[in-house]
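Okay, here's what each chain looks like letter by letter:
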Amino acid sequence: MWFEEVGDLVIHVILSKLNPQDVAAVACVSKSFKVWASDESLWNKFCFHELQLSAPEDPHGNILPSFKATYSAWRVSFCMYPWPLVKRVKRCWAGLKTWLSNNFPEALATLRKGCSEENIKELEKILKVQLPLSTRVLYRFCDGQELTAEGTSKSRSGITLGLIGGYTFYNHSVNVYLLSLSQAVVETKEFVRSLGFSRRYKYVVVAASTIDEKVFFLNCSTGQLHVGTRYLHEKGEMMACVPEALIDSVHHINASQQQDAMLLWLEEHGRRLQDGIIKIRDEGGIRSISLFPEIFPLCSTAVTNGVQVRASAVFVPELGDLQNLKYKYMFAYSIRMSLLREGCIIDGTFFSSCQLYRRHWIIRANSDVVGDTGGEAVIGKFPLLFPGKGEFVYESCTHLSSSHGSMEGAFTFIPGRLDNPKGRPFEAEVALFPLEVPGYIF
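Residues numbered from 1 in each chain as written. Predicted model: local features only at pLDDT ≥ 70, side-chain atom pairs only at ≥ 80, totals over all residues. Heavy atoms only, no water.

A. Fine view of the packing of aromatic side chains. Throughout the structure, instances matching the rule amount to 21 aromatic pairs. An angle of 90 degrees between the planes, with centres 5.3 Å apart, marks the rings of F191 and F217 as edge-to-face. Of this pair, F191 sits in helix α10 (residues 181–195) while F217 sits in strand β4 (residues 215–219), and the two are 26 residues apart along the sequence. The class for F191 is buried, based on a relative accessible area of 7%. (Phe/Tyr/Trp six-rings, centres within 6.5 Å; stacked < 30°, edge-to-face > 60°. Helix = DSSP H or I, 4+ residues; strand = E, 2+ residues; numbered from the N terminus. Buried < 20%, exposed > 50% of the residue type's maximum accessible area, 1.4 Å probe, protein only.)

Below is the structure:
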């Protein structure tokens, strides 16, 4: 036949333009095509592009004899789900795991292997819910986090390994991790009992803080993710965490696209990590994912006479009071100040140090000034800065009546030291940074 005359290379090029399903169909044409369609390089390409696999492994991590067998094993294992959704969830987890491997390997080690269909059905039977399709597939790839291993939950560092991360200000500290299915059952039953949720709400606890309370609930009926506010226990008050308009076909397996809030939430979190919007914070050797943004426009940067001040804020839903018109929303803000390597330079004069004396803040709700405050020190401290010696970091908080606002201000510094001034005081600018309730709440 003519195709036997064109050569293996040409046939390979033609087959490489097809999708896996078409290649499998071509294999049924003849013995020759069966051989060509079994070429390992073809299935290597399919496994890499569709599943980000560089080794022939099944969904459980077992090594298989070929990439063709690998692709088949994955299709069989997830045959009950739309394949585009499976590929999307695989990309989501692959991106998160790659970032963790490069930046936070100790948290990567807490991720559990994927659960089975039987595990999911058991949760659904106990809690009398039907998990959204996207969440089911997410758990098939990774059954949350395990923070009870030796040397993990028993140490301070262990409780800061949450995949979602958190923040600390004053005596309030949260670090959010993903619950396993077994943990979700225990926590959900406890919250249903304590909050008096009706069975019709179909909530499942999917993420929570290891320190101060912050709890995320997945509504299995609507596919929306919610987080509890200050009055979660008293009034069952919660906020939606994902834009409602993006949630689609939560339970419809034949729809063109399925995406619940859990998938959208984790995809957005992965994007923020990969884009460097949020990063790892190392505090006294204890590392964690900090939710304070690090890049513009969510983080502002200003340099005055060699003093650099970076500032950003994060919404704190668990301390919000949605019924209080004046103190409806709570924001924590992080200030990072440092003296650049060039030192403090005022009118051409070099100073080897400078010390903070006073602070001044202007706070706006929408465009209206609602706070114009100042005073000595920051959180009771007068940081002394030296060239290139790293940042002095502190966190504080403020309430706001609206979901949109901003802060800006200045710090008064003294060249030298407060007890031994070497020059005139100057004001280091804190450039405006936003206070906003985001579309995605973490």
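B. Main features of the side chain of S134. Mapped onto the elements of the fold, S134 is located in helix α9 (residues 133–141). Setting aside anything within four residues of it in sequence, one finds S134 in contact with L85, V89, Q258, Q259, D260 and L263. (Contact = heavy atoms within 4.5 Å.)

C. Spatial organisation of unusual backbone geometry. Each neighbour pair has its own omega, and for F296 with P297 the value is 5 degrees, a cis peptide bond. You will see that S249, though not glycine, has its phi angle at about 50 degrees, which is positive. Residue position: S249 is located in the loop between β6 (238–240) and α12 (261–274). The exposure class of S249 is buried, given its relative accessible area of 15%. Residue N305 is not a glycine yet carries a positive backbone phi of 55 degrees.

D. Local environment of the nonpolar core. W93, F217, W265, M337, F411 and F413 are the most contacted members of the largest nonpolar core, which has 131 residues in total. Tallying contributions element by element places helix α6 (residues 83–103) first for this core, with nine residues. The residues touching M337, leaving out its near neighbours within four places in the chain, are Q308, V309, L356, P383, L385, G390, E391, F392, Y394, F411 and F413. (Core = buried A, V, L, I, M, F, W, Y, C linked by side-chain atoms within 4.5 Å.)

E. Region of interest: the confidence of the model for the protein chain. The pLDDT averaged across the protein chain works out to 92; a share of 94% of its residues lies at or above 70. Segment residues 149–155: pLDDT under 50, and eight contacts once partners within four positions in sequence are set aside and those in other chains are kept. (pLDDT = per-residue confidence, 0-100.)

F. Layout of the state of the cysteines. A complete count under the given rule lists zero disulfides for this structure. C47 forms no disulfide, and the closest cysteine sulfur to it belongs to C79, at a distance of 17 Å. With a relative accessible area of 0%, C47 lands in the buried category. Here C344 is not disulfide-linked; the sulfur of C354 is the nearest cysteine sulfur, at 4.5 Å. (Disulfide = S-S within 2.5 Å.)

G. Inspection of the packing of helix α8 (residues 117–127) against α10 at higher detail. Between α8 and α10, the least distance of the axes is 10 Å, while the angle of their chain directions is 5 degrees. The angle between α8 and α10 falls in the class roughly parallel. Residues N119, I120, L123, I126 and L127 of α8 touch α10, and the partners they reach there are L181, A184, V185, T188 and K189. (Axes fitted to C-alpha atoms, helices over the stretch in contact; angles between N-to-C directions. Parallel < 35°, antiparallel > 145°, perpendicular 65-115°, else oblique.)

H. Inspection of α10 at higher detail. Look at α10: 20 Å from first C-alpha to last across 15 residues, which is about the 21 Å you get at 1.5 Å a residue. All buried positions along α10 are accounted for by L181, A184, V185, T188, F191 and L195. Projected down its long axis, α10 carries its buried residues within an arc of 145 degrees, all on one side. For α10, the exposed residues lying more than 90 degrees away from the buried face are V186 and R193. (Expected span 1.5 Å × (residues − 1). Arc of directions from axis to C-beta.)

I. Region of the structure containing the pairing of strand β5 (residues 225–228). Burial of the side chains of β5 extends over both faces: L225 and V227 are buried on one face and H226 and G228 on the other. In this structure, β4 lies alongside β5, joined through three bridges in antiparallel fashion. Pairing of F216 across the sheet is with V227, part of β5. Where β4 folds back on β5, the antiparallel hairpin that results is connected by five residues, among which G223 adopts a positive phi of roughly 85 degrees. Note: β5 against β6, three bridges, orientation antiparallel. The partner of V227 across the bridge, within β6, is M239. (Pairing = 2+ DSSP bridges.)

J. Highlighting the sheet that holds strand β11 (residues 329–339). An order of β9-β10-β11-β17 is seen for the four strands of this open sheet, with the pairing classed as antiparallel. The open sheet has two edge strands with one neighbour each: β9 (299–304) and β17 (392–400). Pairwise comparison of adjacent strand axes, ignoring direction, gives a mean angle of 20 degrees for this sheet. Two elements, strand β10 (residues 307–315) and β11, share nine bridges in a ladder whose sense is antiparallel. Considered in β11, the bridge of V314 is made with A332.

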